[in-house]
Amino acid sequence: IREEGPESHLSKAGTPSMGGIAIIIGAAIAAAAGGLIWGASASDMILILFVFVGFGLIGFFDDYLKVIKKNNLGLRAYQKFGLQIVISVILAVFLANCSEGSTLVFIPFANIYVDFGIWYIPFIVFVVLAMTDGLDGLASGVTALVTLFFSIAGVIYGLAAGAYFCAAVCGGCLGFLVFNRNPAKIFMGDTGSLALGGG
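First, a word on scope: everything that follows refers to the structure included in this document. Since the model is a prediction, treat every value here as computed from it, not as a measurement. (Residues numbered from 1 in each chain as written. Predicted model: local features only at pLDDT ≥ 70, side-chain atom pairs only at ≥ 80, totals over all residues. Heavy atoms only, no water.)

## With respect to the pattern of salt bridges
And then number 1: For the structure shown, the criterion picks out four salt bridges.
And then number 2: A salt bridge links Asp-62 to Lys-66; the nearest nitrogen and oxygen atoms lie 3.0 Å apart. A residue pair is termed a helical-turn pair when its members lie 3 or 4 positions apart in one helix, as Asp-62 and Lys-66 do in helix H2 (residues 42-67) at four residues.
And then number 3: Judged by relative accessible area, which is 0%, Asp-62 ranks as buried.
And then number 4: Linking Lys-80 and Asp-62 is a salt bridge whose minimum nitrogen-to-oxygen distance equals 3.1 Å. One end of the pair, Lys-80, is in helix H3 (residues 77-97); the other, Asp-62, is in helix H2, with 18 residues separating them in the sequence. Residue Lys-80 shares its accessibility class with Asp-62, and that shared class is buried.
And then number 5: Here the salt bridges do not stand alone but share partners, grouping Asp-62, Lys-66, Lys-80 and Asp-190 into one network. (Salt bridge = Lys/Arg side-chain N within 4 Å of Asp/Glu carboxyl O. Helix = DSSP H or I, 4+ residues; strand = E, 2+ residues; numbered from the N terminus. Buried < 20%, exposed > 50% of the residue type's maximum accessible area, 1.4 Å probe, protein only.)

Written out as structure tokens, the structure is:
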């Protein structure tokens, strides 16, 4: 709890943090198992879990510095952002080179596809980095609704790896909310919020 924060935050002292570890482990195991059992693309699942767990590890290191090392600042902004950029660039380069026409982006309101070419990579990096936040209840509540939608859409459009992953994350978020409601018994910390953003 930061010294310059509101006094009402002092009541949160002693509440365990880093609860995102449970979300990451549970969702990763459930998504991988679902993908194996029902034949999702292994390369798609590995890529999804790489970004999800990678962002979670960045958050874990940040939380570790805050909670265990008692460093209220955790990772410096440039360190956290730099690591997120590295993972996002790996994702973007892989996606840009995975198949013919993979740099096409659908523009829904115009009902057209636009080939972003080399600009696809910075576009994907921006989109991934724009998805992270730091509010536990908000992150898990919103993510549960969004992943429920994407799991249904994944089933409808035959995107099995994404559907299983989103269903697993939805379940993890709903389970987390049970323990995060007021008064919170656990916080997800950056471990969870960064993993959800990356996922």
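So much for the structure itself; the text now carries on.
## Notes on the layout of surface pockets
And then number 1: By volume, the largest pocket is sized at about 1800 Å³.
And then number 2: Lining the largest pocket are 44 residues; nearest its centre among them are Ile-48, Phe-150, Gly-162, Cys-166 and Gly-199.
And then number 3: Elements with a contribution of two residues or more to the lining of the largest pocket: H2, H3, helix H4 (120-130), helix H5 (136-156), helix H6 (160-180) and helix H7 (189-198).
And then number 4: Per-element tally for the lining of the largest pocket: the top contributor is H5, with ten residues.
And then number 5: When its residues are assigned to classes, the lining of the largest pocket shows 30 nonpolar, twelve polar and two charged. (1 Å grid on protein atoms, 1.4 Å probe; cavity = no way out; pocket = protein on both sides within 12 Å on 5 of 7 lines; lining within 4 Å. Points joined across faces, edges and corners; volume = space filled by probe spheres on them. Nonpolar A, V, L, I, M, F, W, Y, C, P; charged D, E, K, R; others polar.)

## Some details on the packing of aromatic side chains
And then number 1: Counting across every chain of the model gives seven aromatic pairs.
And then number 2: When the centroid spacing of 5.0 Å and the interplanar angle of 50 degrees are considered together, the rings of Phe-106 and Tyr-113 count as tilted.
And then number 3: Of the aromatic side chains, those joined through ring pairs into one cluster are Phe-60, Phe-61 and Tyr-64. (Phe/Tyr/Trp six-rings, centres within 6.5 Å; stacked < 30°, edge-to-face > 60°.)

## Some thoughts on the environment of Phe-94
And then number 1: Mapped onto the elements of the fold, Phe-94 is located in helix H3.
And then number 2: When the C-alpha positions of Phe-94 and Leu-47 are compared, they lie 8.7 Å apart, and in sequence the two are 47 residues distant.

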